[in-house]
Amino acid sequence: MKKREPISHIMTKTVVTANEKDDLKTVVEKLKSNTIRHIPIVKGKEVVGIISRTDINRLTFGALFEGQDNADEAILEMLSISQVMTSKPKTVSPDMIIRDLAEIFVKEDFHALPVVDNGELKGIVTTTDVVKYFLEQYD
């Protein structure tokens, strides 16, 4: 097994982001259209927050009741990104070792972390990326 592999080896480098000034409907559209579960919120190149699909599901009724689209729409219009996002999310550097990242995911309640270098978003890494990496070690 490659013991000192950096996160840069497994992270997604082309990151779908939302601007802190966008509305929540834009975030939901980006999550759905890109089939992703986490979206970093940026102010310029700086990561100021992150929103997950789970965060949105907690706000909306769609997962619980059929035909509640209007209620979901109203909720999304009432709230701003800054009210929903996790502010100042933990970030990791591209040169962090994958094993160290795995320990963070095990010990803390994160499923995705923005990868930042010199204050600039360089990628995103998820628990799925880590699991896929460890599975590759068995091939």
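Residues numbered from 1 in each chain as written. Predicted model: local features only at pLDDT ≥ 70, side-chain atom pairs only at ≥ 80, totals over all residues. Heavy atoms only, no water.

## Points about the packing of helix α5 (residues 98–107) against helix α6 (residues 127–136)
Just so we agree on the cut-off: Helix axes use the C-alpha atoms of the stretch in contact, all axes being lines fitted to C-alpha atoms, and the angles between their N-to-C directions lie in the range 0 to 180 degrees. The secondary structure listing takes helices from DSSP runs of H or I that are at least 4 residues long and strands from runs of E that are at least 2 residues long, numbered from the N terminus. Roughly parallel means an angle under 35 degrees; roughly antiparallel, over 145; roughly perpendicular, 65 to 115; everything else is oblique. Handedness of a crossing follows from how the near helix is turned relative to the far one, being left-handed for an anticlockwise turn of less than a right angle and right-handed for a clockwise one. Residues count as neighbours in contact if any of their non-hydrogen atoms are within 4.5 Å of one another. In this classification, the charged set is Asp, Glu, Lys and Arg, the nonpolar set is Ala, Val, Leu, Ile, Met, Phe, Trp, Tyr, Cys and Pro, and all remaining amino acids, among them Gly, are polar.
One way to put it is that α5 packs onto α6 with a least axis distance of 10 Å and a crossing angle of 130 degrees. By the angle between their directions, the pair α5 and α6 is classed as oblique. Here the hand of the crossing between α5 and α6 comes out left-handed. Here I98, L101, A102 and F105 of α5 lie close against α6, whose contacting residues are T127, V130, Y133 and F134. When grouped by side-chain class, the residues that make up the contact of α5 with α6 number 7 nonpolar, 1 polar and no charged.

## Observations concerning the sheet that holds strand β1 (residues 18–19)
Pairing between sheet strands relies on hydrogen bonds along the backbone, with the strands arranged either parallel or antiparallel. Note the following rule: Only strands joined by at least two bridges in the DSSP assignment are considered to pair.
Read from one edge of the open sheet, 4 strands run β1-β2-β3-β4, paired in mixed fashion. Two strands lie at the open edges of the sheet, namely β1 and β4 (86–87), each paired on one side alone. By the bridge criterion, 2 bridges tie β1 to strand β2 (residues 38–43) in an arrangement that is parallel. Paired with N19 across the bridge in β2 is V42. Helix-sheet contacts for helix α1 (residues 24–33) involve β1, β2 and β3 (46–52), and the interaxial angle to β2 is about 135 degrees.

## Topic: the confidence of the model for the protein
Here is the rule: One number per residue, pLDDT, summarises how confident the predictor is, and it ranges from 0 to 100.
In this model, the protein carries an average pLDDT of 88, and 89% of its residues clear a pLDDT of 70 or more. Strand β5 (residues 112–117) holds the highest mean pLDDT among the elements of the protein, 97, whereas helix α3 (residues 69–78) holds the lowest, 69.

## A closer look at a positive patch on the surface
Here is the rule: Like-charged residues within 9 Å of one another, or nonpolar side chains (Val, Leu, Ile, Met, Phe, Trp, Tyr) within 5 Å, are grouped into patches, provided each residue has over 30% relative accessible area and no salt bridge. Calculation of accessible area relied on Shrake-Rupley with a 1.4 Å probe; when residues are assessed, cover is drawn exclusively from the protein chains displayed. By definition, a salt bridge exists where a carboxyl oxygen of Asp or Glu is found within 4 Å of a side-chain nitrogen of Lys or Arg. His is not counted, nor are the chain ends, whereas Lys and Arg count as positive and Asp and Glu as negative. Where a charge lies is defined by one atom per residue type, namely NZ (Lys), CZ (Arg), CG (Asp) and CD (Glu).
Positive charge collects at one region of the surface, where K32, R37, R53 and K132 lie side by side. Within the secondary structure, K32 sits in helix α1.

## Examining the pattern of salt bridges
Formally: Type-normalised accessible area, obtained with a 1.4 Å probe on protein chains alone, sets the label of each residue: buried when under 20%, exposed when over 50%, and partly exposed for intermediate values.
Scanning the entire structure with this criterion turns up 4 salt bridges. One salt bridge in this structure joins D55 and R58, with 3.3 Å as the shortest N-O distance. In this pair, D55 and R58 are both assigned in helix α2 (residues 53–59), 3 residues apart and thus about one turn of the helix distant. With a relative accessible area of 14%, D55 lands in the buried category. E120 is the partner of K122 in a salt bridge, and the nearest nitrogen-oxygen pair spans 3.6 Å.

## Comments concerning α5
Applicable threshold: In this description, the arc belongs to the directions extending from the helix axis to the C-beta atoms.
Every buried residue of α5 is accounted for by I98, L101, A102, I104 and F105. The buried residues of α5 all sit within an arc of 155 degrees when viewed along its axis, so they share a single face. The exposed residues of α5 that point more than 90 degrees off its buried face are V106 and K107. Here the buried face of α5 lies against β5, β6 (120–126) and α6.

## A look at the packing of aromatic side chains
How two aromatic rings sit relative to each other is given by the distance of their centres and the angle of their planes. How we decide: Any two of the Phe, Tyr and Trp rings considered here, Trp counted by its six-membered ring, make a pair once their centres fall within 6.5 Å; the pair's planes then place it as stacked at under 30 degrees, edge-to-face at over 60, or tilted in between.
With the rule as written, the count across this model stands at 1 aromatic pair. Each ring, one from Y133 and one from F134, has its centre 5.4 Å from the other, and the planes form 65 degrees; the classification is edge-to-face.

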